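Coordinate analysis (summary)
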Amino acid sequence: MSDKNYIVAGGSSGIGLELVKKLALEGTVYVLSRSQDSLSNIENVIPITIDLAKDEIPADALPEVIHGIAYCPGTINLKPFRSLKLEQFREDFEINLIGAVKVIQAGLKGMKKSGGAGVVLFSTVAVGQGMSFHASIGAAKGAVEGLTRSLAAELAPKIRVNCIAPSLTDTPLAAKFLATPEKQEASANRHPLRRYGSAEEIASFAHFLLQEKGSWMTGQILGVDGGLSRLR
Ligand SMILES: NC(=O)c1ccc[n+]([C@@H]2O[C@H](COP(=O)([O-])OP(=O)(O)OC[C@H]3O[C@@H](n4cnc5c(N)ncnc54)[C@H](OP(=O)(O)O)[C@@H]3O)[C@@H](O)[C@H]2O)c1
């Protein structure tokens, strides 16, 4: 095992949890989330209990040297624009964008010391392609894509910043969209590749982007989406 240190915000569930399992085979993973029960059987994990929508990251919580950060918390609040309250826009913005800013700022010094670090953020297919009822999440994730490109420019060449924009993926966040066989079939059929995503396959892309293998990529928004963003 290497002596690398990774930060996974939102590593207790879904895509983040699958990423933690991969990174924990290679180094120490600091996991920031509100709950930690799902991590109890994984070695090389240091849990940090925090609500990233509200709390500041304690100054001494993160390691001296950081080789990679993934920011996974997200929301799917789908409503017609007329019934979306301003508060909803603010909450989505807070956890999707401001939370990511917090974690990256807290880890910046440590990443600069690593001699080549990677950051992975998460957007959604609904930014590149307009979708009804996605105004709040689309706006918040659009900001995440802007942050990705801006930071990639500003932090090169020491730190690479990329973003994955998945379509519907089988995680606790998406559970209500996949709750019955009918919903699963309808969701699968919306994609040119006729299925929805798995947490493991999205985590594999995040893992790639944090590794040496992904070291010539920065500023990219990667559509891992069964073809939904590009094909008809
Ligand atoms: N699943 C999809 O269909 C889909 C589609 C497009 C984009 N995405 C994006 O992909 C990313 C990962 O999604 P996922 O489906 O894996 O989500 P998930 O299963 O809900 O996992 C989200 C993780 O973030 C943590 N988290 C949420 N709110 C938090 C807070 N306030 N403070 C600290 N931690 C918090 C959760 O842990 P705790 O609850 O323990 O805090 C959990 O570990 C998200 O950014 C999402 O928007 C997902």
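Above: the structure in question.
Residues numbered from 1 in each chain as written. Predicted model: local features only at pLDDT ≥ 70, side-chain atom pairs only at ≥ 80, totals over all residues. Heavy atoms only, no water.

1. Concerning the overall build of the protein
Counting secondary structure elements, the protein contains 6 helices and 9 strands. For the protein, the C-alpha atoms occupy an extent of roughly 45 × 35 × 35 Å along the three principal directions. Residue burial in the protein is summarised as follows: out of 232 residues, 50% are buried. Long-range contacts, defined as pairs at least 24 residues apart, comprise 66% of the intrachain contacts of the protein with a sequence gap of at least 6. Accessible surface, the protein: about 11800 Å² in total, of which carbon and sulfur atoms supply 53%. Positive and negative side-chain charges of the protein, numbering 25 and 23 respectively, have mean locations separated by a distance of 6 Å. (Helix = DSSP H or I, 4+ residues; strand = E, 2+ residues; numbered from the N terminus. Buried < 20%, exposed > 50% of the residue type's maximum accessible area, 1.4 Å probe, protein only. Contact = heavy atoms within 4.5 Å. Areas by Shrake-Rupley, 256 points an atom, 1.4 Å probe, with all protein chains shown as cover. Lys, Arg positive; Asp, Glu negative; His and termini not counted. Charge placed at Lys NZ, Arg CZ, Asp CG, Glu CD.)

2. Considerations on the site of the ligand
Taken together, 30 residues sit near the ligand, with Ser12, Ser13, Arg34, Ser35 and Thr171 positioned nearest. Between Ser12 and the ligand, the recorded distance is 2.7 Å, taken from a side-chain N or O atom to an oxygen atom. Within the side chain of Thr171, a nitrogen or oxygen atom sits 2.5 Å from an oxygen atom of the ligand. Residues of the shell around the ligand, tallied by class, amount to 13 nonpolar, 14 polar and 3 charged. (Near = heavy atom within 4 Å. Polar contact = N/O pair within 3.5 Å; in protein donor to acceptor, adjacent residues only side chain to side chain. Nonpolar A, V, L, I, M, F, W, Y, C, P; charged D, E, K, R; others polar.)

3. Brief notes about the nonpolar core
One finds Leu32, Leu52, Val103 and Leu121 to be the most contacted residues of the largest nonpolar core, which totals 30 residues. If you tally residues by element for this core, the top one is helix H2 (residues 86-112), at 6 residues. Setting aside residues up to four positions removed in sequence, Leu32 forms contacts with Ile7, Val8, Ala9, Gly10, Gly11, Ile48, Ile50, Leu52, Ile57, Leu62 and Val103. With 26 residues, the next largest nonpolar core counts Leu19, Val45, Ile164 and Leu209 among its residues. (Core = buried A, V, L, I, M, F, W, Y, C linked by side-chain atoms within 4.5 Å.)

4. Remarks on the packing of H2 against helix H4 (residues 135-155)
How two helices pack is summed up by the angle between their axes together with the distance between the axes. Contact pair H2 / H4: the axes reach a minimum separation of 7 Å and the direction vectors enclose 20 degrees. Between H2 and H4, the crossing angle belongs to the class labelled roughly parallel. Crossing of H2 over H4 shows right-handed handedness. Two secondary-structure elements touch here, H2 through Gln88, Phe89, Asp92, Phe93, Asn96, Leu97, Ala100, Val101, Ile104 and Leu108 and H4 through Ala135, Ser136, Ile137, Ala140, Lys141, Ala143, Val144, Leu147, Leu151 and Leu155. Here the residues of the contact of H2 with H4 are counted per class, giving 15 nonpolar, 3 polar and 2 charged. (Axes fitted to C-alpha atoms, helices over the stretch in contact; angles between N-to-C directions. Parallel < 35°, antiparallel > 145°, perpendicular 65-115°, else oblique. Left-handed = near helix turned anticlockwise from the far one by under 90°.)

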